[in-house]
Amino acid sequence: MTYVRRDNTPPMRDCFELQDTDAGGRIGELTVPRANRTIETPALLPVINPNLDTISPRRLADEFGAEILITNSYIIYGTDGIREQALEDGLHELLDFPGAIMTDSGSFQLSEYGEIDVTTEEILEFQHAIGSDIGTPIDIPTPPDVSRERAEQELATTQERIELADRVDTGEMLVNAPVQGSTYPDLREEAGRHAEGTGLDVFPVGAVVPLMNEYRYDDMVDAIAGAKRGLGADAPVHLFGAGHPMMFALAVAMGCDLFDSAAYALYARDDRYLTVRGTRHLEDIEYLPCSCPVCLDHTPDELRALPDDERESELAAHNLHVTFAEIRRIKQAIRAGNLLELVDERARGHPAMLDGYRAMLDHAAQLERTDPVSKGSFFYTSHESARRPEVVRHHQRLDRLAVPDSLLLTEGESSSSDEFDDSWRIEPPFGPFPRALSKSYPLTAEVPDRTDRSALEAAADGVARLVETNPESEFTLAHRSWPAGVLDRVPDRVEVVDLRADQV
Ligand SMILES: [Zn+2]
């Protein structure tokens, strides 16, 4: 399968190249010149605290295949001893990590403690001096639900810092341009457009952690959608602070490429065990639903019996294994063209995830722009499937089809009578299409025999669209007992026949 580029897209930025897409999700290559590495995205950056490593960076590379990690340059800057060592030997030797290293700037500390004793220029120059591969200016992570005035003011400050960062000489180091804007999607969009207009390289969508902590996945989706509208298709996007594997598929489908996980270690410290369907507490687990080395080697009782530090380390290792496994599963889903089926599956893990998925489908037209015109096979797996980008596209493209003066739209057999000029098929959730298209994607969809109301409503909306764009033609709809509420969506001038009523 190849990535289908839309007409008139600008040339791709130097450090990021898209390989494959599915809905808003993509497989990309992020070139990190200072590390002399190309990182395949979606990628996970484990967070390393230079003062305490639950799992050493060397182990992250060798055992887990981590190609890139993230650490906090402000902690290094502020810790005597480590600071000097980092300046002398460089970050890669300090951490003993062979891959690429991204550094954060202290923005989090700023938001927690109100002030920090370093400027954007100083911290960027420090990040460059210690050998960071991707540096970060000090932005203002505006929390959700603040007044619009505050969100605008803080965004203006973030934008000044980004412009400043663009002027600092950071050599080959890539630099993050954070996208803020709180819970105002239009501010996120403006922030994205401004950030992309600078010469900076990677675009973290910031301050979404409070939304995730409160399970507000729908608001998170709206924030990402806003940022993405401003950023454009070829910008590498980092969902900053997002480390729970449960929401990766959703975030990738929205167009996020990088994730960082402190969760693997933080959760382990509290005896929490990550799964793709949510978090479990170790004391509640009777069976381990995982085949990573930790779970194969231990029973839950054995894990519980370990000394605190060993248990923390084993749980952190499991948490990382499931997290990396989910990234691989998502990449495979993008290659196979069934990312949205995976998102649908993950949405069943928690009602708040379902809200996130439903919010994502509110942006189906936005996702449609990067969705390939042809994929493996559309699986209709829930009533949400009726709102997928493929259905939106089919409806949009009904305008392009030539319609005869008199047309039968039928769920049954083609009509042999000469009452009609032609007869098209009706297939929920897509609606009407000429028989010649039956073998083209997405009309080859696998749909359940026991159809649901959402699929019928989407099909009826397709009929309405076709009828409205062809005012000169006459239409007859032959359906299999669609309920009255569904038929209400079909324009009055369509003649309606119930195929099942005729069989009685
Ligand atoms: Zn495991």
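For the structure, check the block above.
Overview of the structure. (Residues numbered from 1 in each chain as written. Predicted model: local features only at pLDDT ≥ 70, side-chain atom pairs only at ≥ 80, totals over all residues. Heavy atoms only, no water.)

Helices and strands together make up the secondary structure of the protein chain, namely 22 helices and 18 strands. Taking 2.2 N^0.38 as the reference for a compact globule, 504 residues should give roughly 23 Å; the C-alpha atoms of the protein chain span a radius of gyration of 26 Å, in line with that estimate. Taking the principal axes of its C-alpha atoms as reference, the protein chain extends roughly 90 × 55 × 40 Å. Looking at the protein chain as a whole, 56% of its 504 residues qualify as buried. Counting every atom, the protein chain has about 21600 Å² of accessible surface; 44% of that belongs to carbon and sulfur. The averaged location of the 92 negative side-chain charges in the protein chain is 4 Å from the averaged location of its 48 positive side-chain charges. (Helix = DSSP H or I, 4+ residues; strand = E, 2+ residues; numbered from the N terminus. Rg over C-alpha atoms; globule rule 2.2 N^0.38 Å. Buried < 20%, exposed > 50% of the residue type's maximum accessible area, 1.4 Å probe, protein only. Areas by Shrake-Rupley, 256 points an atom, 1.4 Å probe, with all protein chains shown as cover. Lys, Arg positive; Asp, Glu negative; His and termini not counted. Charge placed at Lys NZ, Arg CZ, Asp CG, Glu CD.)

Moving on: a negative patch on the surface. On the surface, a cluster of negative charge is made up of Asp405, Asp418, Glu419, Asp421, Asp422, Glu472, Glu474 and Glu495. Relative to the helices and strands, Glu472 resides in the loop between α20 (453-469) and β17 (474-479). A relative accessible area of 72% places Glu472 in the exposed class. (Patch = residues over 30% accessible without salt bridge, like charges linked within 9 Å, V, L, I, M, F, W, Y side chains within 5 Å. Salt bridge = Lys/Arg side-chain N within 4 Å of Asp/Glu carboxyl O.)

On to helix α8 (residues 185-197), then. For α8, built from 13 residues, the straight-helix expectation of 18 Å at 1.5 Å per residue is met to within 8% by its first-to-last C-alpha distance of 18 Å. Among the residues of α8, those classed as buried are Leu187, Arg188, Ala191, Gly192, His194 and Ala195. Looking at the packing, one finds that the buried side of α8 touches α7 (148-167), β9 (203-205) and α10 (217-231). (Expected span 1.5 Å × (residues − 1). Contact = heavy atoms within 4.5 Å.)

Sheet strands pair via backbone hydrogen bonds, and the direction of the pair is either parallel or antiparallel. Judged by pairing direction, the sheet is mixed, and its five strands sit side by side in the order β16-β15-β14-β17-β18 without closing on themselves. Edge positions in the open sheet fall to β16 (431-433) and β18 (495-498), since each of these has one partner strand only. Strand after strand, the sheet turns through a mean of 25° between neighbouring axes, direction not considered. Taken strand by strand, α20 contacts β14 (406-410), β15 (422-427), β16 and β17, and its axis lies near 50° from that of β16. (Pairing = 2+ DSSP bridges. Axes fitted to C-alpha atoms, helices over the stretch in contact; angles between N-to-C directions.)

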